[in-house]
Every structure is written in structure tokens, then in C-alpha cells.
Amino acid sequence: MGLVTLTEILKESVEKKYAVGAFDTLDDNFTEAIVAAAEEEGLPVILMVPNFFADIRDERQLSFYFNRLLDRCQRATVPVCLHLDHGNSFACCVKAIHGGCTSIMFDGSALPVEENMAITKELVRIAHSCGVSVEAEIGHVGSPEGGELEASDVDASQYTKPEDAKRFVEETGVDALAVAVGTVHGLFKGTPKIDTERLDRIRELVKIPLVLHGGSGLPESEFRAAIAHGINKINFFTGLSLAASGAIDAKLKEFHGKIHYIELINAAHEACKAAVKEQMRIFGTLPLDA
Ligand code: 13P
């Protein structure tokens with residue numbers, strides 16, 4: 001099946017009320033674990049490229065980086081969307097399109113709304129003319145400065161306002177919209193609570209797929225609530241990273257540090273794959289055209 005756009009991979013998710021998992025890859029080991037998990041489950045997956053790829057200045061190194069990702073996606077036996085996560089500038093997004101991403105996210109959520117809208121609109125025009133999908137964010141999903149955030153620290157004044165979401169989608173023509181409804185990126189202490197009333201109102205006003213960032217740390221019941229109230233793509237990274245480092249830590253302890261590096265790589269791979277499969281089950285992801 002191989003590479004598809006975000007629009008294609010999410011095309012049935014709104015009507016059938018399920019979410020597709022979106023997982024950031026750090027290296028070839030993570031890429032293989034994420035795509036292999038999807039293949040073993042026979043389910044679609046969104047493989048996310050973190051924005052730090054844009055720091056690669058050397059053109060040959062950059063095309064090597066993308067060619068490896070593209071090769072794995074094209075060989076996949078299930079639909080895979082190669083998506084830029086948190087494109088933090090116009091240039092970063094254009095570079096990702098040039099590299100071969102089938103979808104980009106422009107994150108202008110920290111900018112004034114009008115500026116976020118203007119840049120998103122221009123990127124939609126460019127991306128759509130290349131057959132690439134666009135996700136953008138209105139409201140702001142924060143990140144802890146270091147350590148863990150408490151549920152009570154989440155800033156509700158940054159949550160997405162439903163009327164802003166409607167206007168943003170109408171004026172920009174984006175394909176998917178990330179909304180702030182109670183999660184944060186990274187480590188979280190306590191239990192995050194999704195603002196389902198707000199989500200219902202956004203879903204009433206916005207017909208395109210909705211995206212939840214900061215999936216790690218959410219209990220299964222909150223994922224299910226988020227999906228029942230309109231979420232169709234869930235970004236999940238910290239949980240994969242912790243699963244991999246936890247598996248390495250366990251191996252090192254078991255063998256008192258006397259273990260070949262390949263065993264650690266394999267342990268991280270298996271842990272990452274298992275974590276992806278577990279999230280897919282919780283998200284209720286369905287095969288395309290099921
Ligand atoms: P977590 O690291 O909290 O899972 O968030 C990932 C994310 O939203 C990436 O865009």
C-alpha cells in the first residue's frame with residue numbers, strides 16, 4: 001500500500017469515529033518499529049518527522065535522511081503517511097515538502113491568530129499544489145519547561161475557542177486541525193482531563209479531522225472520550241521514548257552492564273513496537289476501506 005497523504009489516511013475517521021496514531025521517529029530503529037507494528041496489525045499509521053531535520057544543512061545528508069524514510073514507507077504493506085511534526089517556520093515546512101513528506105504540520109499556535117492564519121494559508125496553497133496535506137494548530141498545546149507538569153498547571157486560557165477554529169478552517173483550507181483541549185506535550189503528573197464539552201462544540205463547527213497532541217500520559221478512558229467527542233489523529237511520542245529507554249535500563253540491570261549493544265537496540269525496538277501496537281488498539285484504528 002505504501003505512502004499516502006494525511007487526507008487519505010484519515011478519510012474515514014470522522015464518519016467512523018476512530019483515530020489513527022501518529023508517532024515521531026528518532027532514528028531507523030524507531031522508524032522500523034513504528035512501521036512494522038502497523039504492518040503486523042494490518043493498520044494504517046502516521047510516521048512523524050520531528051522538525052529538527054531542518055538543522056541538516058548539507059543537501060546530500062538531507063536527501064539521504066529522507067530517502068531512508070521514504071524507502072521504508074514505500075515498502076510498507078499498509079498505508080503510511082510521512083508527516084512533518086511541528087513545522088516551526090515557513091522554510092521548515094517547504095523543506096519537508098521538498099524532502100518528500102506527504103503531509104506537513106505548520107505550528108503557528110504561539111503566534112497571533114491572524115499571523116498563524118496568513119502563514120498557514122500560504123503553506124496550504126503551496127502544499128496542495130504538490131499533492132501534500134496540511135495540519136495546523138489553533139489554541140496552544142504547551143510543553144513543560146523541564147520535569148513534569150501537574151494537571152492543575154495546564155493553562156485553560158490557551159484552549160482552542162470553537163469559533164476561532166471554525167474561522168481558521170474556513171479561511172485557510174487546512175486538511176486537519178490540532179486543538180488544545182487539556183493535554184500537554186511530554187511528561188505529565190496526575191491525570192489529564194479532556195474538555196469534552198469544548199471538543200463537542202468544535203466538532204459541531206468543524207468538519208475536518210481533529211488532532212490531539214500530547215497523547216502520552218493520558219489514561220485509556222481519556223483517549224476513548226477524546227475519540228468519542230471528535231478526535232481523529234493522536235500524536236504520541238514520550239511514551240515510546242520511555243518504553244525504549246525503560247527496556248534498555250532493564251537489560252542493563254539484568255546483565256549488570258555486560259551486554260552487547262545490539263541487545264539494547266533490539267530491546268528498544270521491541271518495546272517501541274509493543275507501545276505502538278498498544279496505542280493503536282486503544283485508538284480503535286481501523287484498516288482503510290474496512
Ligand atoms: P507526547 O510526547 O506527550 O506524546 O506528545 C507528542 C506530540 O504531541 C508530538 O507532536
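Keep in mind that this is a model prediction, so the values were computed, not measured. (Residues numbered from 1 in each chain as written. Predicted model: local features only at pLDDT ≥ 70, side-chain atom pairs only at ≥ 80, totals over all residues. Heavy atoms only, no water.)

What about the site of the ligand?
So, step 1. Neighbouring the ligand are 14 residues; D85, G214, S216, F237 and T238 lie closest to it.
So, step 2. Between G186 and the ligand, the recorded distance is 2.9 Å, taken from a backbone N or O atom to an oxygen atom.
So, step 3. Residue G214 places a main-chain N or O atom 2.8 Å away from an oxygen atom belonging to the ligand.
So, step 4. In the complex, 95% of the free accessible area of the ligand, which totals 300 Å², lies under the protein chains.
So, step 5. Those elements that place two or more of their residues in the shell around the ligand are strand 4 (79-87) and strand 11 (231-236).
So, step 6. When grouped by side-chain class, the residues that make up the shell around the ligand number three nonpolar, nine polar and two charged. (Near = heavy atom within 4 Å. Polar contact = N/O pair within 3.5 Å; in protein donor to acceptor, adjacent residues only side chain to side chain. Areas by Shrake-Rupley, 256 points an atom, 1.4 Å probe, with all protein chains shown as cover. Helix = DSSP H or I, 4+ residues; strand = E, 2+ residues; numbered from the N terminus. Nonpolar A, V, L, I, M, F, W, Y, C, P; charged D, E, K, R; others polar.)

With respect to the pattern of salt bridges
So, step 1. Counted by the stated rule, this structure contains 22 salt bridges.
So, step 2. Note that E41 and K277 form a salt bridge whose closest N and O atoms lie 3.9 Å from each other. On the criterion of sequence distance, the pair formed by E41 in helix 3 (residues 28-41) and K277 in helix 11 (residues 261-283) is long-range, its members being 236 residues apart.
So, step 3. By relative accessible area, K277 is classed as partly exposed at 23%.
So, step 4. Here E278 makes a salt bridge to R281, at a shortest N to O gap of 3.0 Å. In this pair, E278 and R281 both sit in helix 11, three residues apart, roughly one turn of the helix.
So, step 5. One network of salt bridges, with partners in common, ties together E40, E41, K273 and K277. (Salt bridge = Lys/Arg side-chain N within 4 Å of Asp/Glu carboxyl O. Buried < 20%, exposed > 50% of the residue type's maximum accessible area, 1.4 Å probe, protein only.)

Details of the side chain of N116
So, step 1. Here N116 is to be found in helix 6 (residues 113-129).
So, step 2. Given the relative accessible area of 2%, N116 is considered buried.
So, step 3. Side-chain polar atoms of N116 contact the backbone oxygen of G108, separated by 3.3 Å.

Some details on the environment of R281
So, step 1. Residue classification places R281 among the partly exposed residues on the basis of a relative accessible area of 46%.
So, step 2. Once residues lying within four places of it in the same chain are set aside, the contact partners of R281 are E220 and R224.
So, step 3. Polar contacts involving the side chain of R281 include one to the side chain of E220, which spans 3.4 Å.
So, step 4. A polar contact of 3.0 Å, which involves the side chain of R281, links it to the side chain of E278. (Contact = heavy atoms within 4.5 Å.)

Some remarks on the UniProt feature "binding site: Zn(2+) 1" (unreviewed entry) in the protein
So, step 1. The sites that UniProt annotates as "binding site: Zn(2+) 1" (unreviewed entry) are H86, H185 and H213. For the annotated residues, spread through 128 residues, the largest C-alpha to C-alpha distance comes to 11.6 Å, consistent with a single compact locus.
So, step 2. As for its placement among the helices and strands, H86 is situated in strand 4.
So, step 3. The residues contacting H86, other than those within four sequence positions of it, are N51, M105, D107, E137, H185 and H213.
So, step 4. Side chain to side chain, H86 and D107 meet in a polar contact 2.9 Å long.
So, step 5. Tracing the backbone shows H185 in the loop between strand 8 (176-179) and strand 9 (188-189).
So, step 6. According to the relative accessible area criterion, H185 is buried, its value standing at 18%. (UniProt positions renumbered as here; feature names shortened; annotations may be inferred.)

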